[in-house]
Amino acid sequence: MPYIGIAITDSPPEKTYKKLLRALEEKGFKVDFSKHHWAGDLPFGLLIAETNRGKVAIRWSLGRGFKFKLEEIDEEAFEEFIDETLDYISGD
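The rules we used
- Residues numbered from 1 in each chain as written.
- Predicted model: local features only at pLDDT ≥ 70, side-chain atom pairs only at ≥ 80, totals over all residues.
- Heavy atoms only, no water.
- Core = buried A, V, L, I, M, F, W, Y, C linked by side-chain atoms within 4.5 Å.
- Buried < 20%, exposed > 50% of the residue type's maximum accessible area, 1.4 Å probe, protein only.
- Helix = DSSP H or I, 4+ residues; strand = E, 2+ residues; numbered from the N terminus.
- Contact = heavy atoms within 4.5 Å.
- Pairing = 2+ DSSP bridges.
- Axes fitted to C-alpha atoms, helices over the stretch in contact; angles between N-to-C directions.

1. Quick word on the nonpolar core
In terms of nonpolar packing, the biggest core is built from 13 residues, with Ala7, Leu20, Leu24, Leu47, Val56, Ile58 and Phe68 touching the most fellow members. For this core, the elements supplying multiple residues, two or more each, are β1 (3-9), α1 (13-26), β3 (44-51) and β4 (54-62). In terms of residue count, the dominant contributor to this core is α1 (four residues). Sequence-distant contacts of Ala7, defined by excluding residues within four places in its chain, comprise Leu20, Ile58, Arg59, Trp60, Ser61, Lys67 and Phe68. Among the nonpolar cores identified, the runner-up in size contains 11 residues, and Leu46, Phe78, Phe81 and Ile82 belong to it.

2. Considering the sheet that holds strand β2 (residues 31-38)
Pairing within the open sheet is mixed, and its five strands lie in the order β2-β3-β4-β1-β5. Edge positions in the sheet fall to β2 and β5 (67-72), since each of these pairs with one other strand and no more. Adjacent strand axes in the sheet meet at a mean angle of 15° when their direction is disregarded. As paired strands, β2 and β3 are joined by seven bridges and run antiparallel to one another. Looking at the pairing, Trp38 lines up with Gly45 of β3. Contacting β1, β2, β3, β4 and β5, α1 crosses the sheet at an angle of about 150° to β2. Where helix α2 (residues 75-90) meets the sheet, its contacts fall on β1, β2, β3 and β4, and the angle it forms with β4 comes to roughly 35°.

As structure tokens, this is what we get:
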């Protein structure tokens with residue numbers, strides 16, 4: 001089953017990407033491949049990863065500190081989560 005996550009971060013996108021990868025590793029995920037989407041003028045982004053435990057997508061937004069929550073969901077909800085986030089980032 002895939003996983004989705006929500007994160008709050010006070011770091012810029014590149015540092016947020018690294019923090020999220022580290023947070024996944026701390027939860028026992030071994031990341032095999034990952035990509036990161038964000039738009040320079042929006043305060044949020046999306047990390048998508050292939051891991052030893054399945055697919056992961058994490059939506060992050062700017063805030064105070066660093067908080068991270070992850071949950072297992074079904075494949076259809078996972079795809080909808082990614083599509084909705086990418087549509088919002090691209091302005092569609």
